[in-house]
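Descriptive analysis of the structure
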Amino acid sequence: MAHRELAPDVKFINEYRVDVVGRYVRVIEQFQVLEFDPKGNIWLSLSMLDVSPNQDALEGVHCRLLDFRTGTPVPFPSDEESGRRLSAREREVLRLIGRGKLSKGIAEQLTISVHTVNTHRQRILEKLDADNSIEAFRYAAACGLLD
């Protein structure tokens, strides 16, 4: 999955709670890109997980991007800026792919041609910069693009 829109000095930080033997503990997980491949895909990254000094019972996951050289926040790229905006039909096709449907079955269920389904598949792969439909589904689901 390519992330060309992110600068190489960006660190991705998640803060969330995990269950440790029946007790919730807040942790901080940090990812730092070390190297990109020639296509701009993340090839090598460093990940660190540590107990958070903040043990408040905050709900949910808190994410942020930081420039690790300056410590300043970096805004997340929006779906429109990164070209990842899926149409309603593309989201519908991708949900069916996630359920294991093949193009023929998707075409029958949505009453469209197999050619149209395959066109949607191709556009989804391009928009999400994915190598295959399963990778696209997993990425879209993880990023909340199927809601």
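Notes on the structure in this doc start here.

Analysis parameters
- Residues numbered from 1 in each chain as written.
- Predicted model: local features only at pLDDT ≥ 70, side-chain atom pairs only at ≥ 80, totals over all residues.
- Heavy atoms only, no water.
- Helix = DSSP H or I, 4+ residues; strand = E, 2+ residues; numbered from the N terminus.
- Buried < 20%, exposed > 50% of the residue type's maximum accessible area, 1.4 Å probe, protein only.
- Areas by Shrake-Rupley, 256 points an atom, 1.4 Å probe, with all protein chains shown as cover.
- Expected span 1.5 Å × (residues − 1).
- Arc of directions from axis to C-beta.
- Contact = heavy atoms within 4.5 Å.
- Salt bridge = Lys/Arg side-chain N within 4 Å of Asp/Glu carboxyl O.
- Phe/Tyr/Trp six-rings, centres within 6.5 Å; stacked < 30°, edge-to-face > 60°.
- Lys NZ or Arg CZ within 6 Å of the ring centre and 35° of its normal.
- Core = buried A, V, L, I, M, F, W, Y, C linked by side-chain atoms within 4.5 Å.

Describing the overall build of the protein chain
- Summing up its helical and strand segments, the protein chain has four helices and five strands in all.
- Reading the helices (α) and strands (β) of the protein chain from amino to carboxyl end gives β-β-β-β-β-α-α-α-α.
- Counting only residues that meet the buried cut, the protein chain has 31% of its 147 residues in that class.
- Here the protein chain displays about 9400 Å² of accessible surface, and carbon together with sulfur accounts for 53% of that area.

Regarding unusual backbone geometry
- Despite not being glycine, Val21 shows a phi value in the positive range, around 50°.
- Considering the arrangement of structural elements, one finds Val21 in the loop between strand S1 (10-20) and strand S2 (23-36).
- Despite not being glycine, Asp129 has its phi angle at roughly 50°, a positive value.
- Note that Asp129 resides in the loop between helix H3 (114-128) and helix H4 (133-142).

Observations concerning H3
- With 15 residues, H3 extends 21 Å between its outermost C-alpha atoms, agreeing within 8% with the 21 Å of an ideal straight helix rising 1.5 Å per residue.
- Taken as a whole, H3 has its buried residues at Val117, His120, Arg121, Ile124, Leu125 and Leu128. All buried residues of H3 lie within an arc of 135° about the axis, which places them on one face of the element. Projecting away from the buried face of H3 at angles above 90 degrees are the exposed residues His115 and Glu126.
- Buried positions along H3 lie against helix H1 (88-98), helix H2 (103-110) and H4.
- Asp129 sits one or two positions beyond H3 and adopts a positive phi of about 50°.

Details of the pattern of salt bridges
- According to the stated counting rule, one finds three salt bridges in the structure shown.
- Glu92 is the partner of Arg89 in a salt bridge, and the nearest nitrogen-oxygen pair spans 3.1 Å. With Arg89 and Glu92 both in helix H1, this residue pair falls three residues apart, about one helical turn.
- We classify Arg89 as partly exposed; its relative accessible area is 30%.

Description of the packing of aromatic side chains
- Per the counting criterion, the structure on display carries one aromatic pair.
- For the cation-ring pair, Arg17 lies above Tyr24, with the distance from its terminal atom to the ring centre recorded as 4.2 Å.

Digging into the nonpolar core
- If you look at the biggest cluster of nonpolar residues, it comprises 18 residues, and the most contacted ones within it are Leu94, Ile106, Ile124, Leu128 and Ala136.
- When residues of this core are traced back to their parent elements, those giving at least two are H1, H2, H3 and H4.

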